[in-house]
Amino acid sequence: MRHIYKRALALAVPMMIQNGITNAVGLVDNIMVGSLGTEAFTAVSIVGQLIFVFNLAIFGGMSGPGIYGAQYFGQNNLEGFRGTVRVKHWIGAGVLLAGLAAFIFGGEFLIELYLKGESADIDPVLTMSLAKSYLSVMLWGLPPFVITQIYAGSLRETGSPLKPMTAGVASVFVDILFNYLFIYGKFGFPKLGVQGAAIATVMSRFAEVLIVVLWAFAARKKHEFLIGLYKTLLVPGDAAVKIIKKTLPIFFNEFLWAGGIAVLTQCYSRRGLDIIAGMNISNALCNMLNVVFIALGNAVGILVGQTLGAGHRKEAKEDAFRLMWFTGGASILLTAILVAISGVFPKCYDTTVEVRNYASWFIVITALFFPLQGFLNALYFTLRSGGQTLVTFLFDSVFSWVVSVPAAFLLCTFTALPIMPIFAIVQALDFIKVTVGYILVKKGVWISSLVEEKS
C-alpha cells in the first residue's frame, strides 16, 4: 500500500515545488506591487484574474490529450503518445489566438466589469489605467506559457517531472530579480512600477520555456517520444477525433470553471473595490499552499491513468481511494498553517486597515475549506483519469454556473448579508459536489481503458 504513496509523492513533490515556486513569484510580485499602493495591486489582481481564465483554458486543452498520453505511456505505445503531443500543439495555437484576440479587443471592457463597486479609498480611474498598462505587457508572455505547458505536461505523463520543476525554479529567480530592478528602478534600470512587474514576468516565461524545451531535446534519447515528433504535425483523423471528443468537455470545463471564478469575484466586487483588494491578498497566500492538493490531484490522475492503461482496473480503484483520503488529510495541515498566519500576512501590504481586515477573514474562511477542496480535487482527477470528461464537466463547471454563481449574485445583490458570510456560504456549496463525486467514484463509473488497442 505504501508504494502508491511513494509514487504519488515522487510525481507530486516536483510539481509542488515548481508550482509553489511559481506561486511564490506571484506572492513576491504581489508584495512588491503592494508597496506601490492599493490601486496598483488591485489592478494587477484584476488582470491576473483574467489571465487565470486563459491559463485554465490552456490547462483544459492540454488535459484531454494528457489522459490519452498517460494511458499510451502505460501501454508503451510511443507513436500513440506522439500523436497526443501533436494534438496539444494544435489546441495550444487555437486557444492562444482566441485569448490574444479577446484581450486585445476586449481587455478594457473586461477590466471595467470589476470596477463597478464603490470605495472611498481606491481611485477606479487610476486602477483602470494601471490594469491596461499591465495587461498590454503580459500578453507577450502568453506564447511561451503555452509551449511550456505542452512540454511540461508531456514530460510529466512519462513520469519525468524534474525538468519542468527545474525550469520553473530558474524562472522564479529571473522574475524576482527583474521585479526588483524594474519595479523600483534599481542599479540604473528604469523605475516602471506595475509595468515593470509585467516585464519581469514575461522574461521569466521565456526563461522557463527555453530551459524546458532545450533540456528535453538534449536528453531526447531518454525522452524517446521527442525523436521524430516534428516530422509531421498531422494526426490520423480517427485518433484526432477520438482525442478531441475527450478534450472538448475538459476544455470547456476548465474555461467555464475559471470564468465562473472570475464572475464570482465580480459579484463580490459589487460590495466595493476594497473586497477585490482583500481577496487579492488572501489569494496570493492561499495559492502558495493549495499547490499541495493540486499537485496530488494531478498525481492521482497520472498514476490511475497509467494503471488503467495497463489493464489493472481493480488496483486503479483501490489506489484512487487511498490517494483521495491521503490528499484530504494532507490539506488539514495546510488549514492550520493558514489560520496561524492569517492575521500577520496582510500587514506586508501598504493598504488600509479595512482591506487588511478583509484579507485576514478571507484567508481564514478559505483555509477552513482546504480539506474539502483537497478531497474534491482528487475526486475530480480520479473521474477524469478514466475518460469521464462529460461527467467532470457537469460535476465541475456546470455546477459553478448553475449553483455557485447564481447564489453569489443573489446574495450580493438582494440581501444585506456581510461579504464574509456570503463567501462562506458559496464555499460550503461544494459539499454537494463532494457527495455526488464520492458516490460516482465508489460505483466505479469512471473505470475504463481508452487505449486497449494500439493504433
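Rules behind the numbers
- Residues numbered from 1 in each chain as written.
- Predicted model: local features only at pLDDT ≥ 70, side-chain atom pairs only at ≥ 80, totals over all residues.
- Heavy atoms only, no water.
- Helix = DSSP H or I, 4+ residues; strand = E, 2+ residues; numbered from the N terminus.
- Buried < 20%, exposed > 50% of the residue type's maximum accessible area, 1.4 Å probe, protein only.
- Contact = heavy atoms within 4.5 Å.
- Areas by Shrake-Rupley, 256 points an atom, 1.4 Å probe, with all protein chains shown as cover.
- Phe/Tyr/Trp six-rings, centres within 6.5 Å; stacked < 30°, edge-to-face > 60°.
- Axes fitted to C-alpha atoms, helices over the stretch in contact; angles between N-to-C directions.
- Parallel < 35°, antiparallel > 145°, perpendicular 65-115°, else oblique.
- Left-handed = near helix turned anticlockwise from the far one by under 90°.
- Nonpolar A, V, L, I, M, F, W, Y, C, P; charged D, E, K, R; others polar.
- pLDDT = per-residue confidence, 0-100.
- Salt bridge = Lys/Arg side-chain N within 4 Å of Asp/Glu carboxyl O.
- Core = buried A, V, L, I, M, F, W, Y, C linked by side-chain atoms within 4.5 Å.
- Expected span 1.5 Å × (residues − 1).
- Patch = residues over 30% accessible without salt bridge, like charges linked within 9 Å, V, L, I, M, F, W, Y side chains within 5 Å.

Colleague: Could you give an account of the overall build of the protein, with specific residues and numbers?
Modeller: Check the secondary structure of the protein and you find 16 helices and zero strands. When the 455 residues of the protein are sorted by exposure, 58% land in the buried category. Sequence-distant contacts, at least 24 apart, represent 84% of the contacts inside the protein between residues at least 6 apart. Surface summary for the protein: the accessible area is close to 18600 Å², and the carbon and sulfur share equals 69%.

Colleague: Can you tell me about the packing of aromatic side chains, naming the residues and giving the values?
Modeller: The geometry of an aromatic ring pair is captured by two quantities: the separation of the ring centres and the angle between the planes. Applying the stated criterion across every chain yields a total of 12 aromatic pairs. For the pair Phe182 and Phe189, a centre-to-centre distance of 5.3 Å together with 90° between the ring planes defines the contact as edge-to-face. With relative accessibility at 11%, the residue Phe182 sits in the buried group. Look at Phe189 and you get partly exposed, because its relative accessible area is 30%. Taking 5.7 Å as the distance between ring centres and 70° as the angle between the ring planes, the aromatic pair formed by Tyr268 and Phe423 counts as edge-to-face. Placement of Tyr268 in helix 8 (residues 237-269) and of Phe423 in helix 15 (residues 419-428) is noted, with a sequence separation of 155 residues between them.

Colleague: Before we move on, could you go through unusual backbone geometry and cite the residues and values that matter?
Modeller: Even without a glycine there, the phi angle at Phe187 is positive, about 55°. As for its position among the elements, Phe187 is in the loop between helix 6 (162-184) and helix 7 (194-218).

Colleague: An account of the packing of helix 2 (residues 38-74) against helix 4 (residues 124-138) is requested, with residue identities and associated values reported.
Modeller: When two helices pack together, you describe them by how their axes are tilted relative to each other and by the distance separating the axes. Remark: helix 2 packs on helix 4, axes separated minimally by 8 Å, with the N-to-C direction vectors making an angle of 45°. One way to sum up the angle between helix 2 and helix 4 is to call them oblique. Here helix 2 and helix 4 pass one another in a crossing that is right-handed. Here helix 2 contributes Glu39, Ala40, Thr42, Ala43, Val44, Ile46, Val47 and Ile51 to the contact with helix 4, which in turn contributes Leu126, Thr127, Leu130, Ala131, Tyr134, Leu135 and Met138. Partitioning the contact of helix 2 with helix 4 into residue classes produces 12 nonpolar, two polar and one charged.

Colleague: Give a detailed account of the confidence of the model for the protein, specifying residues and quantitative values.
Modeller: Averaged over all residues, the pLDDT of the protein equals 81, while 87% of them reach at least 70. Looking at the elements of the protein, mean pLDDT is at its lowest for helix 1 (residues 2-34), recorded as 70, and at its highest for helix 15, recorded as 93.

Colleague: Outline the side chain of Ser404, supporting the account with residue identities and numerical values.
Modeller: By the secondary structure assignment, Ser404 is in helix 14 (residues 389-414). Beyond its immediate chain neighbours, meaning those up to four positions away, Ser404 contacts Leu264, Phe399, Val426 and Leu429.

Colleague: Go over the pattern of salt bridges with me, naming the residues and quoting the values.
Modeller: A complete count under the given rule lists two salt bridges for this structure. Of the charged contacts, one joins Lys132 and Glu108 as a salt bridge, the two residues approaching to 3.5 Å between their closest N and O atoms. Of this pair, Lys132 sits in helix 4 while Glu108 sits in helix 3 (residues 78-112); the two residues are 24 residues apart in sequence, bridging distant segments of the chain. Measuring nitrogen to oxygen at the nearest pair gives 3.9 Å for the salt bridge that ties Asp430 to Lys433. Taken as a pair, Asp430 and Lys433 lie in helix 16 (residues 430-443) at a separation of three residues, close to a single helical turn. Exposure remark for Asp430: the relative accessible area of 11% places this residue in the buried category.

Colleague: Would you mind going over the environment of Phe370 in detail, with residue names and values included?
Modeller: As for its position among the elements, Phe370 is in helix 13 (residues 370-385). A residue is classified by how much of its surface remains accessible, and Phe370, at 3% relative accessible area, is buried. Distance in space between the C-alpha atoms of Phe370 and Gly329 is 9.9 Å, their sequence separation being 41 residues. Contact partners of Phe370, with chain neighbours within four places excluded, come to Cys286, Leu289, Asn290, Phe293, Ser331, Leu334, Thr335 and Leu338.

Colleague: Please give an account of the packing of helix 2 against helix 5 (residues 142-157) that cites residues and values.
Modeller: Here helix 2 crosses helix 5 at 25°, and the two axes come no closer than 9 Å. Regarding the angle of helix 2 to helix 5, the classification is roughly parallel. For helix 2 against helix 5, the interelement crossing comes out right-handed. Every residue of helix 5 that contacts helix 2 at Ile51, Phe54, Asn55, Ile58, Met62, Gly66, Gly69, Ala70 and Phe73 is listed here: Leu142, Phe145, Val146, Gln149, Ile150 and Glu157. The residue makeup of the contact of helix 2 with helix 5, split by class, is 10 nonpolar, four polar and one charged.

Colleague: Residues and numbers for the nonpolar core, please.
Modeller: Where a protein is soluble and globular, its nonpolar side chains tend to be buried together. With 86 residues, the main nonpolar core has Val33, Phe54, Phe103, Ile111, Tyr134 and Leu338 as its most contacted residues. In terms of residue count, helix 2 provides more of this core than any other element does, 16 residues in total. Beyond its immediate chain neighbours, meaning those up to four positions away, Tyr134 contacts Val44, Val47, Val194, Ala197 and Ala198. Formed by 33 residues, the second largest nonpolar core is a distinct cluster that contains Ile67, Phe321, Val405 and Ile422.

Colleague: Describe helix 6, and please don't skip the residues or the numbers.
Modeller: Its 23 residues place the ends of helix 6 33 Å apart at the C-alpha level, agreeing with the 33 Å of an ideal helix rising 1.5 Å per residue. Of the residues trailing helix 6, Gly185 is marked for its positive phi of about 70°.

Colleague: Would you mind going over a nonpolar patch on the surface in detail, with residue names and values included?
Modeller: Among the surface-exposed residues, Trp90, Tyr230, Leu233 and Leu234 lie close enough to one another that they form a single nonpolar patch of about 450 Å² accessible area. In this fold, Leu233 is placed in the loop between helix 7 and helix 8.

Colleague: I'd like a description of the side chain of Ser400, backed by residues and values.
Modeller: Position of Ser400 among the secondary structure elements: in helix 14. Apart from residues no more than four positions distant in its own chain, Ser400 is found in contact with Trp257, Val405 and Pro406.

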